[in-house]
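# An overview of the molecular structure
One-letter residues, chain by chain:
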Amino acid sequence: MSILEELHWRGAVNQQTDEDGLKELIAEKEIALYCGVDPTGDSMHIGHLIPFMILKRFQLAGHKPVILIGGATGSIGDPSGRTSERTLQTMEQINQNAEKLKVQMKKLFNAGEGEAIRLVNNHDWLKDLSLIDFLREYGKEFNINTMLAKDVVASRLDSGISFTEFTYQIIQSIDFLHLYQQEDVQLQIGGADQWGNITAGLDLIRKKEGPQAKAFGLTIPLLLKADGTKFGKSAEGGVWLDPEKTSPYEFYQFWLNQDDRDVIKYLKYFTFLSQAEIEALEEKVATEPHKREAQRTLAQEMTRFVHSQAALDEAELISQALFSGNIQELTADQIEQGFQHVPSSTAPREERNLVEFLVDVTKIEPSRRQAREDIKNGAIRIKGTQIKDVDHIVSAADSFDDRFIIVKKGKKKYFLVQLEG
RNA sequence: GGAGGGAUAGCGAAGUGGUCAAACGCAGCGGACUGUAAAUCCGUUCCUUCGGGUUCGUAGGUUCAAAUCCUACUCCCUCCA
């Protein structure tokens, strides 16, 4: 199965330019290709991951991927997928973010065996481009009518778009041209909302390099959940790759809890499992869904890839203890080792009313009213024991060795409270 | 510049002097069922020391009583120029 056939099987192709041409090119040589991300935040979330997983697949198929960090484009603001103007971030902020993303990318794609994926930052070649050069060299190649017709721009014409964001497609086009010329990059991939930017780049390459220039674009479909909502948001917000923002335990739990209807789609999209392995899991979902083997495999693959085998082991240990073991049998040492990455807080080592403990000390509950309601409903468990008494006093007896308190709220939310002082 | 319409809890949207802490839907939270799934059902969602306190764009005013009436201001939409 060729890489393109594989991508189709994985459901990872939305649109592509000159399908046959790209097929031919890939058949005859190893190509270089790229995908970019703008440093608008200090960490990627799982939605960002998709196109880079595809870069990785190309690499495994023998091609040469380039990851672009958009230090320059990030300072302009991509209007794609937005209904309103972005607020500009400071250059310091963007540089800091770019640095963090670089570290994250290296950890994900340059670790372990095999050739490293090349990392570039478009700030390097765009920072010294003068306004006059920009206008004479590139601006002349862009027709305003074409630019206005791009979906991203057209949809913003009513609500307004600044010249800065309007110009974004030119900047991204320069990137593609630059990489085509300097790194022999012939393919750009991106999310479905990048189609306009990618084709703008192709137009620029053709104008500068002649109509015979071989460059292609491929976009990935927007990933939706079975219920029609956007993929990648948990109840608490986005699912981040940074373990400080989303702990490996929470990350593992996110994947483990996926809907039966979605899990195979995600296995295809996110993991490097083979067609045979995924089809076997698909069979399992159909015949013995209660075992949730597909979800477990997905959670394992993703946690191992994004974090590490050690993080996965820990996440599974915690999950095991919390959901199928007897919490009371754990020792304080086991908790210390294994539970550091459950959402946690600290509290002084003193006796306290349960409501105050939940609201004031640990912030597990947002208000006294809510805390009382949950306690009365039997939603609160401490050390595995349901507590329905609003006047309960939290004391050493509720802790593990006077060091940790484990609170469960609802069916599956756990909190670790470390006692100190 | 002129004429209208609008701003209500996280979002959408009722309400046009007391019975309004404010219908209803979505989202959220909790519970039941279950497989840490989906669907469904039930409860609940401003705060509270449970006495009460503070809310309906902002600031004033009328009234025993205002989300509801009046005045000014801010922002948004439609039409005319």
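Residues numbered from 1 in each chain as written. Chains lettered and ligands numbered in written order. Predicted model: local features only at pLDDT ≥ 70, side-chain atom pairs only at ≥ 80, totals over all residues. Heavy atoms only, no water.

## Considerations on the overall build of chain A
Defined as follows: Numbering of helices and strands runs from the N terminus; a helix is a DSSP stretch of H or I covering at least four residues, while a strand is a stretch of E covering at least two. Each residue is assigned to one of three classes by its accessible area relative to the maximum for its type, calculated with a 1.4 Å probe on protein chains only: buried under 20%, partly exposed between the two thresholds, exposed over 50%. The method behind every accessible area is Shrake-Rupley, applied with a 1.4 Å probe, and residues are considered shielded solely by the protein chains displayed.
Scanning chain A from terminus to terminus reveals 20 helices and 15 strands. Each of the three principal axes of chain A carries a C-alpha extent, and together these read 80 × 45 × 40 Å. Out of the 421 residues belonging to chain A, those deemed buried represent 48%. For chain A, the exposed surface amounts to about 20,300 Å²; the carbon and sulfur share of it is 48%.

## Observations regarding the sheet that holds strand β9 (residues 344–348)
As a general point, the strands of a sheet are linked pairwise by backbone hydrogen bonds and lie either parallel or antiparallel. The criterion, for reference: We call two strands paired when DSSP finds no fewer than two bridges between them.
A sheet is described by the order of its strands in space; here five strands give the open sequence β9-β15-β14-β11-β12, paired in mixed fashion. Every other strand in the sheet has two partners, leaving β9 and β12 (385–386) as the edge strands with one partner each. Bridge count between strand β11 (residues 380–382) and strand β14 (residues 404–409): three bridges; the pairing is antiparallel. When the bridges of β14 are listed, I382 appears paired with V407.

## Points about the domain arrangement of chain A
One frequent convention defines the size of an interface as the accessible area lost when the parts assemble. Heads up, the condition is: All domain edges in this entry derive from an automatic or database-based domain assignment.
Looking at chain A, the domain boundaries give domain 1 (3–220), domain 2 (233–325) and domain 3 (335–420). Using only C-alpha atoms to locate each centre, domain 1 and domain 3 end up separated by 47 Å.

## Points about the protein's contact with RNA strand B
So the rule is basically this: Definition of nearness: a residue and a molecule or strand are near each other if at least one heavy atom of the residue lies within 4 Å of the molecule or strand. Nitrogen and oxygen atoms within 3.5 Å of one another constitute a polar contact, given that in protein one can donate a hydrogen and the other can accept it, and given that sequence-neighbouring residues count only through two side-chain atoms. Three categories are distinguished: nonpolar for Ala, Val, Leu, Ile, Met, Phe, Trp, Tyr, Cys and Pro, charged for Asp, Glu, Lys and Arg, and polar for the others, with Gly belonging to the last.
Looking at RNA strand B, there are 28 residues lining it, with Q253, N257, D260, R372 and E373 nearest. If you look at RNA strand B and keep only atoms within 4 Å of the protein, 61% of those are sugar or phosphate atoms. The separation between a phosphate oxygen of RNA strand B and a polar main-chain atom of R369 is 3.0 Å. Those elements that place two or more of their residues in the surface near RNA strand B are α13 (248–256), α14 (260–270), α17 (309–323) and α20 (368–376). When residues in the surface near RNA strand B are grouped by element, the largest group, six residues, is from α20. Tallied by class, residues from the surface near RNA strand B come to five nonpolar, ten polar and 13 charged.

## Things to note about the pairing of β14
Looking along a regular strand, one sees the side chains alternate between the two faces of the sheet. Burial analysis of β14 places five of its six residues in the buried class, which makes it a mostly covered element. Counting the residues in the hairpin turn of β14 and strand β15 (residues 413–420) gives three residues, including G410, whose phi is positive at 75 degrees.

## Quick word on unusual backbone geometry
Residues apart from glycine generally show negative phi values, whereas peptide bonds are mostly found in trans. One non-glycine residue, D18, adopts positive backbone phi at about 40 degrees. Take D18: it is sitting in the loop between β1 (15–16) and α2 (19–28). For D402, which is not glycine, the phi dihedral falls at a positive 60 degrees. Its place among the elements puts D402 in the loop between β13 (393–394) and β14. Here D402 falls in the partly exposed class, since its relative accessible area comes to 29%.

## Some points on the nonpolar core
Here is the rule: Only buried residues count toward a nonpolar core, which is a set of Ala, Val, Leu, Ile, Met, Phe, Trp, Tyr and Cys residues joined through side-chain atoms within 4.5 Å. Every residue pair with non-hydrogen atoms within 4.5 Å of one another is taken to be in contact.
In this structure, L49, F52, F58, F109, L187, W255 and F270 are the most contacted members of the largest nonpolar core, which totals 61 residues. In terms of residue count, the dominant contributor to this core is helix α3 (residues 46–60) (eight residues). No fewer than three residues from each of domain 1 (3–220) and domain 2 (233–325) sit in this core. If near-sequence neighbours (up to four positions away) are discounted, F270 is found in contact with I46, L49, I50, M53, R57, L223, F231, W255 and M302. If you look at the next biggest cluster of nonpolar residues, it comprises 29 residues, including L126, I170, L204 and A213.

## A closer look at the sheet that holds strand β4 (residues 118–121)
To be explicit about the condition: Here an axis means a line fitted to C-alpha atoms, over the contact stretch when the element is a helix, while the angle between two N-to-C directions is reported on a 0 to 180 degree scale.
Strand order in the open sheet formed by six strands is β1-β6-β5-β2-β3-β4, and the pairing between neighbours is mixed. The sheet is open, and its two edges are formed by β1 and β4, each paired on a single side. In the packing of α2 onto the sheet, the strands contacted are β1, β5 (185–191) and β6 (216–220), and the crossing angle to β6 comes to about 105 degrees. Helix-sheet contacts for α3 involve β2 (32–37), β3 (64–69), β5 and β6, and the interaxial angle to β2 is about 165 degrees.

## Observations concerning a nonpolar patch on the surface
So the rule is basically this: Any residue with relative accessible area above 30% and no salt bridge may belong to a patch, with like charges joined within 9 Å and the nonpolar Val, Leu, Ile, Met, Phe, Trp and Tyr side chains within 5 Å. The rule for a salt bridge is simple: a side-chain nitrogen of Lys or Arg has to be within 4 Å of a carboxyl oxygen of Asp or Glu.
Residues I144, L148 and L157 make up a contiguous nonpolar surface patch of roughly 240 Å² in combined accessible area. Assignment of secondary structure puts L157 in the loop between α9 (151–154) and α10 (163–166).

## Notes on the packing of aromatic side chains
Rules: Each pair of aromatic rings taken from Phe, Tyr and Trp, with Trp reduced to its six-membered ring, is defined by centres within 6.5 Å and is described as stacked if the planes are under 30 degrees apart, edge-to-face if over 60, and tilted in the remaining cases. In this analysis the charged atom, NZ for Lys or CZ for Arg, is taken to sit over a ring once it is within 6 Å of the ring centre and within 35 degrees of the ring normal.
Tallied over the full model, the rule gives 15 aromatic pairs. For the pair F231 and Y266, a centre-to-centre distance of 4.7 Å together with 55 degrees between the ring planes defines the contact as tilted. With F231 in the loop between β6 and β7 (233–234) and Y266 in helix α14, the pair connects residues that are 35 residues apart, well separated along the chain. An aromatic cluster of at least three residues, connected via ring pairs, comprises F231, F251, F254, W255, Y266, Y269 and F270. Sitting above the plane of the W240 ring, K245 keeps its charged end 4.7 Å from the centroid.

## Considering the pattern of salt bridges
Applying the stated rule across the entire model yields 20 salt bridges. Residue K245 pairs with D42 through a salt bridge whose shortest N-O separation is 3.2 Å. Taken together, the residues K245 in the loop between β8 (237–238) and α13 and D42 in the loop between β2 and α3 connect sequence positions 203 residues apart. Taking relative accessible area as the criterion, D42 reaches 26% and is therefore assigned partly exposed. Within this structure, D333, E336, D401 and R403 form a network of salt bridges that share partners.

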